[in-house]
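Secondary and tertiary structure notes
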Amino acid sequence: MKTQHPLFSLFSLLTLLSPPILLRPTAAAASSAPASNSTDFIRSSCGATLYPELCYTSLAGYASAVQENPARLARVAIAVSLTKVRSAARYLLNVSRRADYGPDPRAAAAAHDCVSVFGDAADQIRGSLRQMRRLGTGGESLQFQMSNVQTWMSAALTNEETCTDGFEDVGDGDMKTEVTERVVKVKQVTSNALALVNSYASKVTTP
């Protein structure tokens, strides 16, 4: 995806992505599949991720919507990742504004870089979610569509890692600690989503 100006990426994030991206589980949906089967499926699927407990706790609430469908699970995981990135982007924008008045120009530069790369990450995850919602349509092969999703989710994770990398040369302090801890949590959620995407992709692309 094309890299955009940081402010453009951020405002795209805060405006275009404002509608809810997840449907909350309903009792009606739960009737089509036993809740225990659905949650067991999520727990088992999360075993393929680097952070299985976080994966399970962040996705178990959507068991009735996911049921035992790996495509739905990957889509929900992407949506959860996007929610986390949106929240972190708002936080990082506030941090960058405060850093402009702080004593360390390196911290200000790192914070502004985080705003930029998180804007890009949001665009990439949003593209992944849009593609997942269009699987099997548009005349494109499922393999091609999943390859797009994998590429964009991987790029989003790289952008999130770039944010924390930018703080390596910044002196220790509250802002560095807070930013690093916040972004690490987002990275873990995105990593889990990518793992679930890869798991589903392996199922649909294997002859």
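Residues numbered from 1 in each chain as written. Predicted model: local features only at pLDDT ≥ 70, side-chain atom pairs only at ≥ 80, totals over all residues. Heavy atoms only, no water.

Brief notes about the packing of aromatic side chains
Aromatic ring pairs: the centre-centre distance and the angle between the two ring planes describe each pair. Evaluated as defined, the whole model comprises zero aromatic pairs. Residue placement shows Arg-182 over the ring face of Tyr-91; its charged tip is 4.7 Å from the ring centre. (Phe/Tyr/Trp six-rings, centres within 6.5 Å; stacked < 30°, edge-to-face > 60°. Lys NZ or Arg CZ within 6 Å of the ring centre and 35° of its normal.)

A closer look at the environment of Val-186
One can find Val-186 in helix α9 (residues 174-205). Sequence separation of Val-186 and Val-80 is 106 residues, and the distance between their C-alpha atoms is 9.9 Å. (Helix = DSSP H or I, 4+ residues; strand = E, 2+ residues; numbered from the N terminus.)

Quick word on a negative patch on the surface
A contiguous patch of negative charge, built from Glu-161, Asp-165, Glu-168 and Asp-169, is present on the exposed surface. Relative to the helices and strands, Asp-169 resides in the loop between α8 (142-165) and α9. (Patch = residues over 30% accessible without salt bridge, like charges linked within 9 Å, V, L, I, M, F, W, Y side chains within 5 Å. Areas by Shrake-Rupley, 256 points an atom, 1.4 Å probe, with all protein chains shown as cover. Salt bridge = Lys/Arg side-chain N within 4 Å of Asp/Glu carboxyl O. Lys, Arg positive; Asp, Glu negative; His and termini not counted. Charge placed at Lys NZ, Arg CZ, Asp CG, Glu CD.)

What about the confidence of the model for the chain?
Chain-level statistics for the chain give a pLDDT mean of 86 and a share of 82% at 70 or above. Confidence, read as mean pLDDT per element, is least for helix α2 (residues 27-30) in the chain (38) and greatest for helix α4 (residues 52-59) (98). For residues 1-33, every residue scores under 50 in pLDDT, and the model assigns this stretch 51 contacts once sequence neighbours within four places are set aside. (pLDDT = per-residue confidence, 0-100. Contact = heavy atoms within 4.5 Å.)

What about the pattern of salt bridges?
Oppositely charged side chains may form a pair once their charged atoms are brought near each other. Summed over the entire model, instances satisfying the criterion amount to three salt bridges. A salt bridge links Glu-53 to Arg-43, with the nearest nitrogen and oxygen atoms 3.7 Å apart. Of the two residues, Glu-53 is situated in helix α4 and Arg-43 in helix α3 (residues 35-46); the sequence distance between them amounts to 10 residues. The salt bridge partner of Lys-176 is Asp-172, with a shortest N-O separation of 3.5 Å. The class for Lys-176 is buried, based on a relative accessible area of 16%. The exposure class of Asp-172 is exposed, given its relative accessible area of 74%. (Buried < 20%, exposed > 50% of the residue type's maximum accessible area, 1.4 Å probe, protein only.)

Here we look at the nonpolar core
Counting residues in hydrophobic clusters, the biggest one holds 57 residues, and the most contacted among them are Ile-42, Leu-59, Ile-78, Phe-118 and Val-179. Put simply, the parts of the chain that give this core at least two residues each are α3, α4, α5 (63-66), α6 (70-99), α7 (105-133), α8 and α9. Considering every element that reaches this core, the biggest residue donor is α6, with 16 residues. Every residue in contact with Phe-118, bar those within four places of it in the chain, is listed here: Val-85, Ala-88, Ala-89, Leu-92, Glu-160, Cys-163, Val-183 and Val-186. (Core = buried A, V, L, I, M, F, W, Y, C linked by side-chain atoms within 4.5 Å.)

Focus on empty space enclosed by the protein
As enumerated under the stated definition, the model contains one cavity of 30 Å³ or more in all. Each pocket or cavity is described by its volume, and for the largest cavity that value is around 40 Å³. The wall of the largest cavity is formed by Cys-55, Ser-58, Leu-59, Ala-77, Val-189, Asn-192 and Ala-193. Secondary structure elements with two or more residues in the lining of the largest cavity: α4 and α9. Split by residue class, the lining of the largest cavity holds five nonpolar, two polar and no charged. (1 Å grid on protein atoms, 1.4 Å probe; cavity = no way out; pocket = protein on both sides within 12 Å on 5 of 7 lines; lining within 4 Å. Points joined across faces, edges and corners; volume = space filled by probe spheres on them. Nonpolar A, V, L, I, M, F, W, Y, C, P; charged D, E, K, R; others polar.)

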